[in-house]
Amino acid sequence: MAEALQVDLVSPEKVIFSGEANMVITRTAGGGGEIAFQAGHAPFLGALVENHTRIFLTDGTIQDVAVHRGFIEVSGNPTRVSILSDVAELAVDIDVDRAKEALERHELTLKTETVEANVADAVAGKARAQARLTTTGTGFTA
């Protein structure tokens, strides 16, 4: 059996998840795609983008999380993965209907808006909605 790593997912308000896992898969900034961490991983520090993060628990289940930017740090022996995010949501806590409505609203804004600040807000909002829907397994249309 693979060695476990300690995973802590925290926001400024609370600890969202803390437990042992075999692997964490998330997405970092820079367009390099997803990255996976297992016990023994080299130290790492990265910026996170909106994404569906998966925490593969030692009991064989997967904790699905929508992470809306933040940082990830991998350190220590035993290995510890710390995810720091202003906003992160467990899949079970996501309101799918609300996320779908937000996605539609932001897509409409992107089709009609010309003010740069409003376009930037809609791009960010669309990314958050897509992360929520992907995390819940609902999917989305691009």
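Residues numbered from 1 in each chain as written. Predicted model: local features only at pLDDT ≥ 70, side-chain atom pairs only at ≥ 80, totals over all residues. Heavy atoms only, no water.

(A) Representation of the side chain of Thr 28 within the structure. For Thr 28, the location among the structural elements is in the loop between β2 (15-27) and β3 (34-37). Once residues lying within four places of it in the same chain are set aside, the contact partners of Thr 28 are Gly 33, Ile 35, Phe 44, Ala 47, Leu 48, Val 49 and Ile 72. (Helix = DSSP H or I, 4+ residues; strand = E, 2+ residues; numbered from the N terminus. Contact = heavy atoms within 4.5 Å.)

(B) Molecular detail of a nonpolar patch on the surface. Together, Leu 45, Phe 71 and Leu 84 make up a nonpolar patch on the protein surface, roughly 330 Å² of accessible area in all. Summarising the element assignment, Leu 45 is placed in strand β4 (residues 44-48). (Patch = residues over 30% accessible without salt bridge, like charges linked within 9 Å, V, L, I, M, F, W, Y side chains within 5 Å. Areas by Shrake-Rupley, 256 points an atom, 1.4 Å probe, with all protein chains shown as cover. Salt bridge = Lys/Arg side-chain N within 4 Å of Asp/Glu carboxyl O.)

(C) A look at the pairing of strand β7 (residues 70-75). Judged by which residues are buried, β7 turns out to be one-sided: Gly 70, Ile 72 and Val 74 face inward and are buried, whereas Phe 71, Glu 73 and Ser 75, on the alternate face, are not. Pairing analysis gives 5 bridges linking β4 to β7, with the strands arranged antiparallel. Residue Leu 48 lies in a different strand from β7, and its bridge partner there is Gly 70. As defined by bridge partners, β7 adjoins strand β8 (residues 80-84) across 5 bridges and the pair is classed as antiparallel. Pairing of Glu 73 across the sheet is with Ser 82, part of β8. Turn length for the β7-β8 hairpin, with the two strands adjacent in sequence and antiparallel, is 4 residues, and the turn residue Gly 76 shows positive phi of about 80 degrees. (Buried < 20%, exposed > 50% of the residue type's maximum accessible area, 1.4 Å probe, protein only. Pairing = 2+ DSSP bridges.)

(D) Just the packing of aromatic side chains, in detail. Summed over all chains, the structure comprises 1 aromatic pair. Here the aromatic rings of Phe 37 and Phe 44 are separated by 5.2 Å at their centres, their planes lie at 55 degrees, and the arrangement is tilted. Here Phe 44 falls in the partly exposed class, since its relative accessible area comes to 24%. (Phe/Tyr/Trp six-rings, centres within 6.5 Å; stacked < 30°, edge-to-face > 60°.)

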